[in-house]
Amino acid sequence: MRTVERLLKILRRDRSPISDPSFAEYYSALVSEAGSGVPTIEEARRDFEPLRRLIERAFLI
């Protein structure tokens, strides 16, 4: 449960809420798997964008 509480605390602290379900799933997996050193939402979003483009291209072909 601490992981969920930590995630909620991080999300509340962020100024813009996460409205993208795929990013929310990605970030919650990051938070739940990492013991420490979790990237900020901005860092995670920056890292996720190339993955999103790759996935979208793969499903469009």
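This text gives an overview of the structure that appears in the document. (Residues numbered from 1 in each chain as written. Predicted model: local features only at pLDDT ≥ 70, side-chain atom pairs only at ≥ 80, totals over all residues. Heavy atoms only, no water.)

### Section: the nonpolar core
Formed by Phe23, Tyr27, Val31, Val38, Ile41, Ala44 and Phe48, the largest nonpolar core amounts to seven residues. Residue assignment for this core shows that the elements contributing at least two residues are α2 (21–33) and α3 (41–60). (Core = buried A, V, L, I, M, F, W, Y, C linked by side-chain atoms within 4.5 Å. Buried < 20%, exposed > 50% of the residue type's maximum accessible area, 1.4 Å probe, protein only. Helix = DSSP H or I, 4+ residues; strand = E, 2+ residues; numbered from the N terminus.)

### A few points about the packing of aromatic side chains
One pass over the structure, following the stated rule, counts four aromatic pairs. Ring pairing ties together the aromatic residues Phe23, Tyr26, Tyr27 and Phe48, which thus form one cluster. Its guanidinium or amino end placed over the ring of Phe23, Arg45 lies 4.4 Å from that ring's centre, counting from NZ or CZ. (Phe/Tyr/Trp six-rings, centres within 6.5 Å; stacked < 30°, edge-to-face > 60°. Lys NZ or Arg CZ within 6 Å of the ring centre and 35° of its normal.)

### Remarks on a nonpolar patch on the surface
Among the surface-exposed residues, Leu51, Ile55 and Phe59 lie close enough to one another that they form a single nonpolar patch of about 340 Å² accessible area. Within the secondary structure, Ile55 is located in helix α3. (Patch = residues over 30% accessible without salt bridge, like charges linked within 9 Å, V, L, I, M, F, W, Y side chains within 5 Å. Areas by Shrake-Rupley, 256 points an atom, 1.4 Å probe, with all protein chains shown as cover. Salt bridge = Lys/Arg side-chain N within 4 Å of Asp/Glu carboxyl O.)

### So, the environment of Val38
Here Val38 shows up in the loop between α2 and α3. The sequence separation of Val38 and Tyr27 amounts to 11 residues, and the corresponding C-alpha distance is 9.3 Å. If near-sequence neighbours (up to four positions away) are discounted, Val38 is found in contact with Arg6, Tyr27 and Val31. (Contact = heavy atoms within 4.5 Å.)

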